[in-house]
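# Observations on the three-dimensional arrangement
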Amino acid sequence: MDSYQFYKSIYDRELNRRKELDAAINLPITILTILVAANSYLISKTDAIHQKSIILTSNIILTLITISFLISAFFLTRSYNNLFKGFGYINLGLTKKIREFEVIDIPKYNDQVEEKEKINFEKIIIDKLTHLTDDHIIFNDKRSLDLYRAKTFIIITLILTGVKFLLITLLKI
């Protein structure tokens, strides 16, 4: 197996994974928006309830919904932009500089040193690819975990909103 192709394919996979994680944010944001609208509607319908125990239960559920929503928003923000710090994705560099290094700098260096100290361009590129890929894997794994957590709390928010909707619907019947 060609080492360069192997490491390049892993690097390319992580770049694609980064794009997929960026795109994966859209659906949770849409769902959270719908949940905010649904809960706003439910809050407006809660005013007609006159039983104190039902009002208390409704307020407890609303508090849990709010907490769950905020946690979801936190993890979505962290997954998308690492809480305003950004992610330090690093690339190989400008192709012009890489080519200059390969064609000019390496031969110049290799002409000045003994045979055992000479450097190999492919080995340097593979070392750089492995370093960059490891960084990308770490970032992408963190983003995936944050996205998973956000989706989990969105589901909790959805369930609590459903419970509140059922509670209000049963009172209207």
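Residues numbered from 1 in each chain as written. Predicted model: local features only at pLDDT ≥ 70, side-chain atom pairs only at ≥ 80, totals over all residues. Heavy atoms only, no water.

Let us look at a nonpolar patch on the surface. Residues Leu 56, Ile 60, Leu 64 and Ile 67 make up a contiguous nonpolar surface patch of roughly 370 Å² in combined accessible area. Inspection of the secondary structure assignment puts Ile 60 in helix H3 (residues 52–81). (Patch = residues over 30% accessible without salt bridge, like charges linked within 9 Å, V, L, I, M, F, W, Y side chains within 5 Å. Areas by Shrake-Rupley, 256 points an atom, 1.4 Å probe, with all protein chains shown as cover. Salt bridge = Lys/Arg side-chain N within 4 Å of Asp/Glu carboxyl O. Helix = DSSP H or I, 4+ residues; strand = E, 2+ residues; numbered from the N terminus.)

Attention now goes to the packing of helix H4 (residues 95–112) against helix H5 (residues 121–172). The relative placement of two packed helices comes down to the angle between their axes together with the axis-to-axis distance. Where H4 meets H5, the axes come as close as 11 Å, and the angle between the chain directions of the two elements is 145°. Read as a crossing pair, H4 and H5 show a hand that is right-handed. Of the residues in H5, those touching H4 at Ile 98, Phe 101, Glu 102 and Ile 106 are Phe 121, Ile 124 and Ile 125. (Axes fitted to C-alpha atoms, helices over the stretch in contact; angles between N-to-C directions. Left-handed = near helix turned anticlockwise from the far one by under 90°. Contact = heavy atoms within 4.5 Å.)

Here helix H2 (residues 26–46) is 21 residues long and its end C-alpha atoms lie 30 Å apart, about the 30 Å a rise of 1.5 Å per residue gives. Within H2, burial applies to Pro 28, Leu 32, Leu 35, Asn 39, Leu 42 and Thr 46. For H2, the angular spread of buried residues about the axis comes to 85°, placing them on one side. In H2, those exposed residues whose orientation departs by more than 90 degrees from the buried face are Thr 33 and Ile 34. Each element contacted by the buried residues of H2 is listed here: H3 and H5. (Expected span 1.5 Å × (residues − 1). Buried < 20%, exposed > 50% of the residue type's maximum accessible area, 1.4 Å probe, protein only. Arc of directions from axis to C-beta.)

Before going further, it helps to spend a moment on the packing of aromatic side chains. Within the structure shown, the criterion is met by three aromatic pairs. With centroids separated by 5.1 Å and ring planes inclined at 75°, the aromatic side chains of Phe 6 and Tyr 7 adopt a geometry described as edge-to-face. Overall, Phe 6 belongs to the partly exposed group, its relative accessible area being 34%. In this structure Tyr 7 comes out as partly exposed when scored by relative accessible area, which is 30%. Relative to Phe 153, the ring of Phe 75 lies with its centre 6.3 Å away and its plane at 20°, an arrangement referred to as stacked. Here Phe 153 lies in helix H5 and Phe 75 lies in helix H3, a separation of 78 residues in the sequence. Of the residues examined, Phe 75 reaches a relative accessible area of 11% and is grouped as buried. Residue classification places Phe 153 among the partly exposed residues on the basis of a relative accessible area of 24%. Put simply, the rings of Phe 74, Phe 75 and Phe 153 pair up and form one aromatic cluster. (Phe/Tyr/Trp six-rings, centres within 6.5 Å; stacked < 30°, edge-to-face > 60°.)

Next up on the list: the nonpolar core. Counting nine residues, the largest nonpolar core is built from Leu 21, Ile 25, Leu 32, Leu 35, Phe 75, Leu 76, Leu 147, Ala 150 and Ile 154. If you list the elements that add at least two residues to this core, you get H2, H3 and H5. Top element by residues in this core is H5. It accounts for three residues. Ignoring sequence-local partners within four residues, the contact set of Ile 154 consists of Pro 28, Ile 31, Leu 32, Leu 35, Ser 72 and Leu 76. In terms of nonpolar packing, the next biggest core, distinct from the first, is built from six residues, Ile 106, Phe 121, Ile 125 and Leu 129 among them. (Core = buried A, V, L, I, M, F, W, Y, C linked by side-chain atoms within 4.5 Å.)

Time to look at the environment of Ile 43. Tracing the chain through its elements places Ile 43 in helix H2. Residue contacts for Ile 43: discarding those within four places in its chain leaves Leu 62 and Lys 164.

The full count for this structure, using the stated rule, is 10 salt bridges. The salt bridge involving Lys 118 is made with Glu 115; its shortest N-O contact spans 3.4 Å. Between Asp 146 and Arg 149 there is a salt bridge, and its shortest N-O distance comes to 3.9 Å. Note that Asp 146 and Arg 149 are positioned in helix H5 at a spacing of three residues, about one turn of the helix. When its relative accessible area of 30% is taken as the criterion, Arg 149 is described as partly exposed.

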